[in-house]
Amino acid sequence: MTQHLPPLGQAGIPAHVAVIMDGNGRWAKQRLRPRAFGHQAGVKAARRIVRASHKAGVQVLTLFAFSQENWQRPPTEVSLLIRLFVRTLTHEIASLHKNGVRIRFIGNHDDFPEELRKLMADAEALTGANTSLTLVIAVGYGGQWDIAQAASSLCRDGLPITPEAIESRLVVADLPHPDLLIRTGGEKRLSNFLIWQLAYTELHLVETLWPDFDETAYAEALAWYASRERRFGRVPEAS
Ligand code: IPE
Ligand code: IPE
Ligand code: MG
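Thresholds applied
Residues numbered from 1 in each chain as written. Chains lettered and ligands numbered in written order. Predicted model: local features only at pLDDT ≥ 70, side-chain atom pairs only at ≥ 80, totals over all residues. Heavy atoms only, no water. Helix = DSSP H or I, 4+ residues; strand = E, 2+ residues; numbered from the N terminus. Buried < 20%, exposed > 50% of the residue type's maximum accessible area, 1.4 Å probe, protein only. Axes fitted to C-alpha atoms, helices over the stretch in contact; angles between N-to-C directions. Parallel < 35°, antiparallel > 145°, perpendicular 65-115°, else oblique. Left-handed = near helix turned anticlockwise from the far one by under 90°. Contact = heavy atoms within 4.5 Å. Nonpolar A, V, L, I, M, F, W, Y, C, P; charged D, E, K, R; others polar. Near = heavy atom within 4 Å. Polar contact = N/O pair within 3.5 Å; in protein donor to acceptor, adjacent residues only side chain to side chain. Areas by Shrake-Rupley, 256 points an atom, 1.4 Å probe, with all protein chains shown as cover. Salt bridge = Lys/Arg side-chain N within 4 Å of Asp/Glu carboxyl O.

*Asks:* What should I look at first to understand the environment of arginine 35 in this one?
*Replies:* With respect to the element layout, arginine 35 can be found in helix α2 (residues 35–56). Arginine 35 gets classed as partly exposed once you look at its relative accessible area, which sits at 39%. Taking the C-alpha atoms as reference points, arginine 35 and proline 178, separated by 143 residues in sequence, lie 29 Å from one another.

*Asks:* Looking at this model, I keep getting lost on the packing of α2 against helix α7 (residues 215–226). Mind explaining?
*Replies:* Pairs of packed helices are described in terms of their axes, by the angle between the two and the distance that separates them. Between α2 and α7, whose axes approach to 10 Å, the crossing angle comes to 45 degrees. One way to sum up the angle between α2 and α7 is to call them oblique. Crossing angle aside, the handedness with which α2 passes α7 is right-handed. Along the contact surface, α2 presents Arg48, Ile49, Ala52, Ser53 and Ala56, while α7 presents Glu215, Tyr218 and Leu222. Along the lines of polarity and charge, the residues of the contact of α2 with α7 split into 5 nonpolar, 1 polar and 2 charged.

*Asks:* It is not clear to me how the site of ligand 2 should be interpreted in this structure. Could you clarify?
*Replies:* Around ligand 2, the surrounding shell consists of Ile20, Met21, Asp22, Phe64, Ala65, Phe66, Ser67, Asn70, Arg73, Arg183, Arg189 and Ser191. Between ligand 2 and aspartate 22, the relevant distance is 3.1 Å, taken from an oxygen atom to a side-chain nitrogen or oxygen of the residue. The separation between an oxygen atom of ligand 2 and a polar side-chain atom of serine 191 is 2.6 Å. In isolation ligand 2 offers 390 Å² of accessible surface; the protein chains occlude 78% of this area. The biggest single contributor to the shell around ligand 2 is strand β3 (residues 60–67), with 4 residues.

*Asks:* Would you take a moment to explain the pattern of salt bridges for this structure?
*Replies:* Inspection of every chain in the model, using the stated rule, returns 15 salt bridges. The closest approach of N and O atoms between glutamate 77 and arginine 73, which form a salt bridge, is 2.8 Å. Residue aspartate 157 pairs with arginine 169 through a salt bridge whose shortest N-O separation is 2.7 Å. With aspartate 157 in the loop between α5 (143–156) and α6 (163–169) and arginine 169 in helix α6, this pair connects stretches of sequence that are 12 residues apart.

Structure (structure tokens):
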């Protein structure tokens with residue numbers, strides 16, 4: 001399990017940042033507004049962080065937009081989130097493409113409307129050759145689902161299930177594991193995000209609600225990451 005490990009020592013700029021964008025509902029509640037208001041503000045925060053990642057030289061940004069468990073929210077909220085996602089994607093795709101962003105969607109998309117699945121496929125096809133920032137959007141994603149689909153595909157091919165083999169069949173097998181995970185909204189849990197890929201990720205868990213997470217908060221997260229010493233179970237080089 002060494003193929004994804006970056007070098008030991010001082011961390012620097014993370015190649016891959018993953019974000020659990022949490023706290024939209026509470027942000028709206030603080031303002032006595034419906035949860036939808038918080039999700040709309042959350043889209044603006046996401047746009048800011050995509051731009052800031054690009055500027056900072058981050059190579060991969062993965063945003064957790066909708067978990068498999070989020071299907072259990074009231075149908076009105078689920079359909080609102082889907083509509084907001086369709087609208088955002090439709091509006092943003094041209095400018096993301098112009099800025100050289102390559103878009104990928106990960107998750108179980110079987111239950112998403114055909115219109116959305118087509119939009120996602122078109123966005124991936126349009127931006128597939130771009131090289132500035134890879135933006136991975138996790139929708140309908142669950143870490144347990146990811147590991148299970150990797151294992152099933154190995155079984156189907158009659159191959160032994162080893163960590164390396166599972167690794168090679170995960171939905172983002174070609175990308176490095178996240179170096180830095182940011183979770184906003186104060187919870188100290190992974191909520192079934194990239195549970196395999198986060199094995200050695202540095203965890204930055206902040207109270208800030210996602211719609212309030214701005215360039216300054218992101219710069220703080222990157223500075224915190226840069227000061228980490230990564231050891232991956234080994235001892236520091238000078239010891
Ligand atoms: C995160 O914000 C957005 C999604 C899960 C889609 P929440 O909607 O979970 O907001 P809180 O946690 O209720 O404040
Ligand atoms: C995690 O947030 C999922 C996303 C941000 C998309 P949740 O609000 O769903 O997580 P829990 O329920 O607090 O664990
Ligand atoms: Mg939440």
